[in-house]
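# Coordinate inspection notes
What follows is the residue order along each chain.
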Amino acid sequence: MGHSPFTPGVAAGRLPSEAMTRNFGDLHPPLDAHEATVAADRCYFCHDAPCMTACPTSIDIPLFIRQIATGTPEAAAKTIFDQNILGGMCARVCPTETLCEEVCVREVAEGKPVEIGRLQRYATDKLMAKNSHPFSRAAATGKRVAVVGAGPAGLSCAHRLAMKGHDVVIFDARTKPGGLNEYGIASYKSVDDFAQKEVDWLLQIGGIEVRQGQALGNGLSLDALVAEYDAVFLGIGLAGVNALRAEGEEVENVADAVDFIAELRQARDLGALPVGRNVVVIGGGMTAVDAAVQSKLLGAENVTIVYRRGQDRMAASGYEQDLAASKGVRIMTHAMPVKVIGNGAVREVEFEYTEDGPGGLTGTGERFTLPADQLFRAIGQKLDGAPEGLALDGGKIKVSGAGRTSVAKVWAGGDCATGGDDLTVTAVAEGRDAAEDIHASLS
Amino acid sequence: MADLSSEFVGIKSPNPFWLASAPPTDKEYNVRRAFEAGWGGVVWKTLGEEGPPVVNVNGPRYGAIWGADRRLLGLNNIELITDRPLEVNLREIKQVKRDYPDRAVVVSIMVPCEEQAWKSILPLVEETGADGIELNFGCPHGMSERGMGSAVGQVPEYIEMVTRWCKQYSRMPVIVKLTPNITDIRKPARAAKAGGADAVSLINTINSITGVDLDSFAPEPTIDGKGSHGGYCGPAVKPIALSMVSEIARDPETHGLPISGIGGVTTWRDAAEFMALGAGNVQVCTAAMTYGFKVVQEMISGLSQWMDEKGHASVADFVGRAVPNVTDWQYLNLNYITKARIDQDACIKCGRCYAACEDTSHQAISMSADRVFEVKDDECVACNLCVNVCPVEGCITMEELAPGAMDERTGRKVAKEYANWTTHPNNPAARPAAE
Ligand SMILES: Cc1cc2nc3c(=O)[nH]c(=O)nc-3n(C[C@H](O)[C@H](O)[C@H](O)COP(=O)(O)OP(=O)(O)OC[C@H]3O[C@@H](n4cnc5c(N)ncnc54)[C@H](O)[C@@H]3O)c2cc1C
Ligand SMILES: Cc1cc2nc3c(=O)[nH]c(=O)nc-3n(C[C@H](O)[C@H](O)[C@H](O)COP(=O)(O)O)c2cc1C
Ligand code: SF4
């Protein structure tokens, strides 16, 4: 204890515990009943609603909002879960500003959309608080399906298959299910252990056995699964990370942002989690923003995101960038790391300014350094350990139709497969659609 | 899961939500899409006599009243009955009924008050395989000028006469649709019953002018500078319809006569309220016209959730359950005493309760210099106005005084016995309590 944002080096407990608790509380507090009614009343119940088209899982948004407006949030939740069984998590993590809310007719007309995400959370929270599961299984089919990966794609696929009466076994490499819901999503988007609660609630449908600590490629082979099960779904996400290729990056306190975030998500006591006084994050996406913001919330004094192209090219949405700025994170663009400086541990990072030219991105020759006690790489994840024999495309498992891979009886979806954005909601949609396709092929 | 299936005068439908006779049911195209969206039944747009169909105006036929955020609260129309040829409608009805045997298809009819007119149209309708007929004695504009619609509905003798013809010349169940443009709704209901009606449906639309253009001094909707009263419907008319339904449900002469409730049904809750007051099912027009056919999905899910929560296995379980609680003013308990209570934590200090009570009621709310509003129990007559004008739901509530508690206003203790006006000392006609 006794540390502050100004303590040099990497240190834990930079903020008093109350400040820490406040910082990692809900980013958007839940709506109360009155707020939900007011928010729901703003929905026009549009015909063939644009929001519904923009939602990758095609939730019937006007209907669920009307169900909230008429005092039946549980029915609203059912409408949501019919399409998206992880509607609770999606309500918290979806970048609604680039999905449903972006196209809300009231956003287009007034710059103020109906608060679809928060209303979705209101409804799903109400039903989940009752701890009853709104779906039941169809008569047993006797078919068995293996799902690899317990992330959003795998869970959504498994639930839909179980609902159709198939028996499902989920194999997952890590110790807890949930995938990035558990290990990746920013803490302030999913508080109170929601990811695990949601998995427990989802599994109440029955017929799904989860085996943790079982990695494909490490004791588990696709051939064996194909031989033993009637179908296999792969939802293994992107377990690898892209390399930085800057000189000297092998020193201490240089880490992958996803690992830092996973550690943070699993920390029982955030006050014991060390963070640098000066933190530099390299990248331009959601992961970079999450690592930067959470470093700041842990008490880092200076946090800088450095992105090699212009701000308009950043994968993080304008909303995410504003969030970072509001927490005091500095965003620098048009600079790339060339050298990590430090004896044993990182002390500074040297950058070179860049410019976009006809021949691509090039360095201008002008350099600068930033002090850094901690450096996080957030330059993208990549598929790691894809089973042999599957056709790939652009580094992902190639799929056609509803997640069909190049190998018979094997489907894939979520981040590991081609098509769609790397988002929780897209993974849910792909898992669900693959399940429907598997079901059709089994019956 | 609650069972929403409904049987109304022997007509089965998967749920109690029917579309009322109006533009949504004017043609096969609409009705098929309505059934696909989930509606339990339809009452086809009113058919007229064989021959050249009626014509409609070719300018605006609707006027409207809006609430905040342009929410449509009331709709007024000057549309007539169907303006499509009789044989086209009959052919389409037959096709739709054949393709949707599980849905209710009732045909609304309006022909002149002559026996022959009814005698000729009834077999044509019966031949379509429709489940029943509804007699449109309610349309308050245009048709009434020609001695039909509400012109019939306002004369109980005509209602009884036409209903009798329909029962005589057809085997189909007969639903008599009543106009609310009448002083005592029980009279036409009794007449319908006397004529042998299987049920009544109500309300049709209410005579109305939605507004006046203050530049042209023309009533709205305006056709070439002139306007005519239209029929009012939508959420705004629901309280009137509920009261009329309850009057028929509790009238000893018509008690038990099936009622199809109409007027402002917009959500599952509206439907449940109509049914609690005695309606066996409901019909909907304006909500569908405002939000599209899909609006029925909320009605279905909401009613079914409520029934599950309350343990009502079927709709019959709650139909009419509120009827015994509708009574005359003279039987209300005068010893039931409440006082307004303001929740200071919820109060946002707008002062509307104060203005309402101070200016227009009983000066029973005090206001301090720092805007704290409190109820003066010695002045509060428990009128409930403050509750209704308060913008914060649940901020002001009415608290019942327990028997034995002091009513500061009268200086008397609250009696625990029920006592009403019939025995009140101030009532010149009071009967002494039985010895
Ligand atoms: C830091 C971060 C923040 C993010 N924030 C958001 C956000 O706010 N909103 C949003 O919509 N999306 C966000 N995303 C993206 C989102 O988390 C992913 O798109 C989503 O989780 C993909 O789901 P998935 O099921 O395909 O993969 P994952 O969630 O990655 O799940 C894959 C699962 O497979 C398991 N697995 C991997 N390899 C194997 C193997 N060989 N054998 C067995 N099991 C294996 C893993 O243990 C894991 O459980 C974020 C991602 C990151 C990294
Ligand atoms: C445009 C319009 C046309 C209507 N035409 C008929 C009709 O032909 N026959 C009839 O019985 N009722 C007719 N009605 C009345 C409705 O069937 C219904 O009784 C009334 O609108 C009240 O219900 P609502 O509040 O749900 O709209 C019409 C209503 C409207 C708005
Ligand atoms: S709704 Fe509009 S477009 Fe359609 S008929 Fe009426 S006036 Fe014409």
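If you're wondering where the values come from, they're calculated on a predicted model, not measured in any experiment.

### As for the overall build of chain A
Regarding its fold elements, chain A presents 17 helices and 21 strands. A globule of 443 residues ought to have a C-alpha radius of gyration of about 22 Å, and chain A, at 23 Å, matches this closely. Along the three orthogonal principal directions, the C-alpha set of chain A runs to about 65 × 55 × 50 Å. The burial tally for chain A puts 54% of its 443 residues in the buried class.

### Some details on the site of ligand 2
All names here are of chain B. Lining the immediate surroundings of ligand 2 are 22 residues, of which Ser-21, Thr-46, Lys-177, Gly-264 and Thr-286 lie closest. The backbone of Ser-21 places a nitrogen or oxygen atom 2.8 Å from an oxygen atom of ligand 2. A distance of 2.8 Å is found between an oxygen atom of ligand 2 and a backbone nitrogen or oxygen belonging to Gly-234. Judged by its atoms lying within 2 Å of the grid points, ligand 2 is housed in the largest cavity. Partitioned by chemical class, the residues of the shell around ligand 2 number nine nonpolar, 10 polar and three charged.

### Overview of the layout of surface pockets
Taken as a whole, the second largest pocket holds about 1,000 Å³ of empty space. Lining of the second largest pocket is provided by 38 residues; of these, Asp-41, Arg-66 and Ala-69 of chain A together with Arg-71 and Tyr-291 of chain B occupy positions nearest its centre. Ranked by residues supplied to the lining of the second largest pocket, first place goes to helix α2 (residues 33–41) of chain A with seven residues. Looking at the lining of the second largest pocket, its residues break down into 21 nonpolar, nine polar and eight charged.

### Quick look at a negative patch on the surface
Judged by side-chain charge, Glu-49, Glu-50, Glu-87 and Glu-114 of chain B come together as a negatively charged surface patch. The topology assignment puts Glu-50 of chain B in the loop between β4 (41–47) and β5 (62–66).

### Topic: the domain arrangement of chain A
Residues and elements named next belong to chain A. Partitioning chain A into domains gives domain 1 (33–129), domain 2 (144–239 + 383–442) and domain 3 (242–377). Opposite the 15 residues of domain 2 that make contact, domain 3 presents 13 residues. With both sides pooled, the region where domain 2 packs onto domain 3 buries about 990 Å², and carbon together with sulfur makes up 43% of that total. The largest per-residue losses of area from domain 2 upon contact with domain 3 belong to Tyr-183, Ser-187 and Tyr-188, which jointly make up 47% of the total buried on that side. Between domain 2 and domain 3 we count one salt bridge in total. The interface formed by domain 2 and domain 3 includes eight residue pairs in polar contact (both at pLDDT 80 or more). Ranked by the residues each element gives to the side of domain 2 that touches domain 3, the list is headed by helix α11 (residues 180–183), at four residues. Here the residues of the side of domain 2 that touches domain 3 are counted per class, giving seven nonpolar, four polar and four charged.

### A closer look at the site of ligand 1
Residues and elements named next belong to chain A. Around ligand 1 sit 34 residues in total, of which Val-93, Asp-172, Lys-189, Leu-216 and Asp-415 are the nearest. One of the side-chain nitrogen or oxygen atoms of Lys-189 is found 2.8 Å away from an oxygen atom of ligand 1. If ligand 1 stood free it would expose 990 Å²; the protein chains cover 95% of that surface. Contributing elements (two or more residues each) for the shell around ligand 1: α10 (152–163), β5 (215–216), α14 (257–266), α15 (286–298) and α17 (424–442). Considering every element that reaches the shell around ligand 1, the biggest residue donor is α15, with three residues. In terms of residue class, the shell around ligand 1 is built from 17 nonpolar, 11 polar and six charged.

### Observations regarding empty space enclosed by the protein
Residue and element names in this part refer to chain B. All chains considered together, the criterion is met by seven cavities of 30 Å³ or more. In this structure, the largest cavity encloses a volume near 420 Å³. Where the lining of the largest cavity is concerned, the elements lending two or more residues are β4, β6 (72–77), β8 (132–136), β14 (230–233), β16 (279–284) and α9 (286–291). It is α9 that provides the largest number of residues to the lining of the largest cavity, a total of three residues.

### Thoughts on the sheet that holds strand β4 (residues 208–212) of chain A
Residue and element names in this part refer to chain A. Strand order in the open sheet formed by five strands is β4-β3-β2-β7-β21, and the pairing between neighbours is parallel. Looking at strand neighbours, the two that pair on one side only are β4 and β21 (410–412), the edges of this open sheet. Shown here is a sheet whose adjacent strand axes are inclined to one another by a mean of 20°, direction ignored. The pairing of strand β7 (residues 231–234) with β21 spans three bridges and is classified as parallel. By the bridge assignment, Phe-233 is partnered in β21 with Trp-411.

Reading the values: rules and limits
Residues numbered from 1 in each chain as written. Chains lettered and ligands numbered in written order. Predicted model: local features only at pLDDT ≥ 70, side-chain atom pairs only at ≥ 80, totals over all residues. Heavy atoms only, no water. Helix = DSSP H or I, 4+ residues; strand = E, 2+ residues; numbered from the N terminus. Rg over C-alpha atoms; globule rule 2.2 N^0.38 Å. Buried < 20%, exposed > 50% of the residue type's maximum accessible area, 1.4 Å probe, protein only. Near = heavy atom within 4 Å. Polar contact = N/O pair within 3.5 Å; in protein donor to acceptor, adjacent residues only side chain to side chain. 1 Å grid on protein atoms, 1.4 Å probe; cavity = no way out; pocket = protein on both sides within 12 Å on 5 of 7 lines; lining within 4 Å. Sits in = over half its atoms within 2 Å of the grid points. Nonpolar A, V, L, I, M, F, W, Y, C, P; charged D, E, K, R; others polar. Points joined across faces, edges and corners; volume = space filled by probe spheres on them. Patch = residues over 30% accessible without salt bridge, like charges linked within 9 Å, V, L, I, M, F, W, Y side chains within 5 Å. Areas by Shrake-Rupley, 256 points an atom, 1.4 Å probe, with all protein chains shown as cover. Salt bridge = Lys/Arg side-chain N within 4 Å of Asp/Glu carboxyl O. Lys, Arg positive; Asp, Glu negative; His and termini not counted. Charge placed at Lys NZ, Arg CZ, Asp CG, Glu CD. Domains from an automatic or database assignment. Contact = heavy atoms within 4.5 Å. Buried area = accessible area lost by both parts, 1.4 Å probe. Pairing = 2+ DSSP bridges. Axes fitted to C-alpha atoms, helices over the stretch in contact; angles between N-to-C directions.

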